[in-house]
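Chain by chain, the residues run as shown.
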Amino acid sequence: MSLKRAAQRSLALDSELNKERADALGRAGKQLELALEQCQALLVQLRAAAGRERRRLIGEYREARAGAEKWRWYLTIQREAMGLARHDDVERLYPTPPVVREE
């Protein structure tokens, strides 16, 4: 195989890997957005709930919040895999949902 052909194959492979990284980054970001939207919707419901319904919603909210934290971690890992070491913009764009305590 010629040096030129090897370089072309290497460039094609790099391009394919970068596309896969970008796709994974996009999927993680989308899942994080969905989890944060779910948290927000549950917070709205929690404001109007009481008693048993509130306790049920708190459980759902905690699960959704844990999911958001998981997807934030996945997003951070994907960013680091792409060479992005700072994550200030992740926190700014996707703020962590507040902790909800039973009252």
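Structural data are supplied above this passage.
Figured I'd write up the structure that's included with this text. (Residues numbered from 1 in each chain as written. Predicted model: local features only at pLDDT ≥ 70, side-chain atom pairs only at ≥ 80, totals over all residues. Heavy atoms only, no water.)

1. Here we look at the nonpolar core
Note the threshold: Joining through side-chain atoms within 4.5 Å is the link that ties buried Ala, Val, Leu, Ile, Met, Phe, Trp, Tyr and Cys residues into a set, and such a set is a nonpolar core. For every residue, the accessible area (1.4 Å probe, protein chains only) is compared with the maximum for its type, and the residue is labelled buried under 20%, exposed over 50%, or partly exposed between those bounds. Helix and strand assignments come from DSSP, with helices taken as H or I runs of at least 4 residues and strands as E runs of at least 2, each series counted from the N terminus. The contact criterion used throughout is that any non-hydrogen atoms of two residues lie within 4.5 Å.
Formed by C39, L42, L43, L46, A49, L57, I58, Y61, A64 and V100, the largest nonpolar core amounts to 10 residues. Going through the elements one at a time, helix 1 (3-48) and helix 2 (51-81) are the ones with two or more residues in this core. Ignoring any residue separated from it by four or fewer positions in sequence, one finds Y61 in contact with C39, L42, L43, L46, P97, P98 and V100. In this structure, A28, L32, L36 and A68 belong to the second largest nonpolar core, which totals eight residues.

2. Focus: the side chain of R72
Applicable threshold: Within 3.5 Å is the distance limit for a polar contact, defined as a pair of N or O atoms, with the added protein rule that one can donate a hydrogen and the other accept it, and that residues adjacent in sequence qualify only through two side-chain atoms.
Tracing the chain through its elements places R72 in helix 2. Exposure remark for R72: the relative accessible area of 13% places this residue in the buried category. For R72, the side chain forms a polar contact with the main-chain oxygen of Y94, separated by 2.5 Å. Leave out the neighbours within four places in its chain, and R72 touches L32, V90, E91, Y94, P95, T96 and P97.

3. Observations concerning helix 2
Where we set the bar: Multiplying one less than the number of residues by 1.5 Å gives the expected span of a helix.
With 31 residues, helix 2 extends 45 Å between its outermost C-alpha atoms, agreeing within 8% with the 45 Å of an ideal straight helix rising 1.5 Å per residue. Taken as a whole, helix 2 has its buried residues at R54, L57, I58, Y61, A64, R65, G67, A68, R72, L75, T76 and R79. Here the buried face of helix 2 lies against helix 1 and helix 3 (88-93). A positive backbone phi angle near 90° is found at G83, which sits one or two residues after helix 2.

4. Focus: the pattern of salt bridges
Note the following rule: The term salt bridge refers to a pairing of a side-chain nitrogen on Lys or Arg with a carboxyl oxygen on Asp or Glu at a separation within 4 Å.
Overall, the coordinates contain seven salt bridges when judged by the stated rule. Residues D23 and K19 are paired through a salt bridge, measuring 2.9 Å at the closest nitrogen-oxygen approach. With a gap of four residues between them, D23 and K19 both fall in helix 1, about one helical turn apart. We classify K19 as partly exposed; its relative accessible area is 48%. We note a salt bridge from E53 to R56, for which the minimum N-O separation is 2.6 Å.

5. Things to note about the environment of M1
Mapped onto the elements of the fold, M1 is located in the segment before helix 1. For M1, a relative accessible area of 69% gives the class exposed. Taking the C-alpha atoms as reference points, M1 and Q45, 44 residues apart in sequence, are found 64 Å from one another.

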